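Chain residues, written in single-letter form:
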Amino acid sequence: MSKIRFERREVMAFLNEHYPSCSSYYKQKIAFRTSRRRWNDVTIGKAVGITVTNYVRHHMTQYEYLMGALKLTREEARIVVAEEVKDIWQSWQQPRLDTTPADDASAAPTDQ
C-alpha cells in the first residue's frame with residue numbers, strides 16, 4: 001500500500017473541473033485539506049470526494065451540534081445530515097449558470 005500526496009494546484013484543477021459551482025473560498029479550504037494529507041492508494045477523485053464530504057458535514061451542517069448538544073452518536077448524526085450533505089455536494093457539481101466567478105466574496109461565510 002503506497003501513501004501519496006496530491007499537490008494543492010492539482011486538487012484545485014480537479015475541483016474547478018468537477019465542482020464548478022463551488023465557491024473559490026470552499027475550493028481553497030478543501031484543496032488545503034486534501035493536499036496536506038497522505039492518502040493510501042486512492043485516486044484524486046476519491047481523495048477530493050472524501051474531503052468534500054467531510055468538510056460539508058462538519059462545517060456546513062448541524063453535525064457537530066447534533067453530537068455535542070443533542071448527544072447523537074456519529075452514525076446517528078451522519079444519518080440526520082446525509083441528505084443535506086448530498087444536496088450541497090450535487091449543487092457544487094452543477095455547471096455555473098451565471099458568468100460571475102465562483103469566488104464571489106458573498107459566498108464566503110464566517111466558518112472555521
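Going by the structure above, here's the rest.
What you are looking at is a predicted structure, and each value in this text was computed from that prediction instead of being measured.

**Details of a positive patch on the surface**
Line of reasoning, step 1. A grouping of Lys3, Arg5, Arg37 and Arg38 is seen on the molecular surface, where their side chains present a positively charged patch.
Line of reasoning, step 2. Tracing the chain through its elements places Arg5 in the loop between strand E1 (3-4) and helix H1 (8-18).
Line of reasoning, step 3. Taking the relative accessible area as the measure of exposure, Arg5 reaches 47% and is therefore partly exposed.

**Quick look at H1**
Line of reasoning, step 1. Of the residues making up H1, those classed as buried are Val11, Met12, Phe14 and Leu15. Looking straight down H1, one finds its buried side chains confined to an arc of 160 degrees; they lie on one side. Turned more than 90 degrees from where H1 packs its buried face, Arg9 and Glu17 sit exposed.
Line of reasoning, step 2. Where the residues of H1 are buried, they touch helix H2 (24-36) and helix H3 (44-60).

**Digging into unusual backbone geometry**
Line of reasoning, step 1. Although it is not a glycine, Asp41 adopts a positive phi angle of roughly 45 degrees.
Line of reasoning, step 2. Tracing the backbone through its elements, the reader meets Asp41 in the loop between strand E2 (39-40) and H3.
Line of reasoning, step 3. Of note, the phi angle at Lys71 is positive, near 60 degrees, even though the residue is not glycine.
Line of reasoning, step 4. Tracing the backbone shows Lys71 in the loop between helix H4 (63-68) and helix H5 (74-93).
Line of reasoning, step 5. Assessed through its relative accessible area of 65%, Lys71 is described here as exposed.

Criteria and thresholds
Residues numbered from 1 in each chain as written. Predicted model: local features only at pLDDT ≥ 70, side-chain atom pairs only at ≥ 80, totals over all residues. Heavy atoms only, no water. Patch = residues over 30% accessible without salt bridge, like charges linked within 9 Å, V, L, I, M, F, W, Y side chains within 5 Å. Areas by Shrake-Rupley, 256 points an atom, 1.4 Å probe, with all protein chains shown as cover. Salt bridge = Lys/Arg side-chain N within 4 Å of Asp/Glu carboxyl O. Lys, Arg positive; Asp, Glu negative; His and termini not counted. Charge placed at Lys NZ, Arg CZ, Asp CG, Glu CD. Helix = DSSP H or I, 4+ residues; strand = E, 2+ residues; numbered from the N terminus. Buried < 20%, exposed > 50% of the residue type's maximum accessible area, 1.4 Å probe, protein only. Arc of directions from axis to C-beta. Contact = heavy atoms within 4.5 Å.

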